[in-house]
Amino acid sequence: MSSAANRLAAVQSDIQAAEAEFGREAGSVTLIAVSKTFEANDIRPVLDAGQKVFGENRVQEAMGKWPELRGDYAEIELHLIGPLQSNKAKEAVQTFDVIHTVDRPKIARALKSEMDRQDRQLPCFIQVNTGEEPQKAGIPPREVDAFISQCRDEIGLTIIGLMCIPPVDEAPGEHFALLEKIADRNGLAQLSMGMSADYPVAVGFGATHVRVGSAIFGARDYT
């Protein structure tokens, strides 16, 4: 197996161990392999190892590599986990199967309009800025309940859960616990939280989806 496939197996093993440790049902956590910045040839070994669920940050990047990969591999599920501009809503609905980053009414309305136009209703997560960081996207916790209601009742999106990215300099557990609390009181069963550095912790706080990139694909080159 390639090194990426070996790392994938290690991450899968860690998730299984965390599920057992925290009393979660086996297989209840979905691993999203975050393939942003990696080329199709870097992704193929992970696909060959059986991984089906992937995450990308940028619509244009995903459009450049996933049509070919989808042609070669069946049953791929592609998640948008990065920020979305309303002028990319059409392409996002065409390209992705799940949206994790609904973070303002304008995006919610643009997505719903395109889903109706394309007759393709995608499940969505609302991104919550649990640390209320000014540089980071997401709805502040105090506004999430109202925004969930707006997305569901007024706009008509299919909201299945919440997503967060905790501040890098704070213990992630308190942010995961907050997200779980907000989701529970709004009747949302899905929690997209936990990345390469903290995904076993996220499993303990109820994560249903963990977004793991560098622990599978290796360090990214942003140059």
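The rules we used
- Residues numbered from 1 in each chain as written.
- Predicted model: local features only at pLDDT ≥ 70, side-chain atom pairs only at ≥ 80, totals over all residues.
- Heavy atoms only, no water.
- Helix = DSSP H or I, 4+ residues; strand = E, 2+ residues; numbered from the N terminus.
- Rg over C-alpha atoms; globule rule 2.2 N^0.38 Å.
- Contact = heavy atoms within 4.5 Å.
- Areas by Shrake-Rupley, 256 points an atom, 1.4 Å probe, with all protein chains shown as cover.
- Lys, Arg positive; Asp, Glu negative; His and termini not counted.
- Charge placed at Lys NZ, Arg CZ, Asp CG, Glu CD.
- Salt bridge = Lys/Arg side-chain N within 4 Å of Asp/Glu carboxyl O.
- Buried < 20%, exposed > 50% of the residue type's maximum accessible area, 1.4 Å probe, protein only.
- Polar contact = N/O pair within 3.5 Å; in protein donor to acceptor, adjacent residues only side chain to side chain.

Visitor: An account of the overall build of the chain is needed here, citing residue identities and associated values.
Guide: Tallying secondary structure elements over the chain gives nine helices and eight strands in all. Since a compact globule built from 223 residues should have a radius of gyration of about 17 Å, the 17 Å found for the chain is in line with a globular shape. For the chain, the share of sequence-separated contacts (at least 6 apart) that also reach a separation of at least 24 residues comes to 59%. Counting every atom, the chain has about 10200 Å² of accessible surface; 48% of that belongs to carbon and sulfur. If you average the places of the 23 positive and of the 32 negative side-chain charges in the chain, the two averages end up 5 Å apart.

Visitor: Tell me about the pattern of salt bridges, and name the residues and values.
Guide: Under the criterion given, the structure shown has 13 salt bridges. Here Arg 44 makes a salt bridge to Glu 68, at a shortest N to O gap of 3.1 Å. A residue pair is termed long-range when its members are at least 10 positions apart, and Arg 44 in helix 2 (residues 40-48) and Glu 68 in helix 3 (residues 59-72) qualify at 24 residues. Residue classification places Arg 44 among the buried positions, given a relative accessible area of 17%. Glu 68 sits in the exposed class, given a relative accessible area of 51%. Shared partners join several salt bridges into a network, and the residues in it are Arg 44, Glu 68 and Asp 72.

Visitor: Tell me about unusual backbone geometry, and please be specific about residues and values.
Guide: A positive phi angle, near 75°, is found at Thr 37, a position not held by glycine. Positionally, Thr 37 belongs in the loop between strand 1 (30-34) and helix 2.

Visitor: Hey, could you go over the side chain of Arg 211 for me, with residue numbers and the actual values?
Guide: When you line up the elements, Arg 211 lands in strand 8 (residues 209-212). The buried charged residue Arg 211 lacks any salt bridge partner; its closest oppositely charged side chain belongs to Asp 198, at an N-O distance of 7.4 Å. Polar contacts involving the side chain of Arg 211 include one to the main-chain carbonyl oxygen of Cys 164, which spans 2.9 Å. When sequence neighbours within four positions are dropped, the list of residues in contact with Arg 211 reads Ile 32, Val 34, Ile 81, His 100, Met 163, Cys 164, Ile 165, Ser 192, Met 193, Gly 194, Met 195 and Ser 196.

Interpretation note: all reported values are geometric properties and have no functional meaning in isolation.
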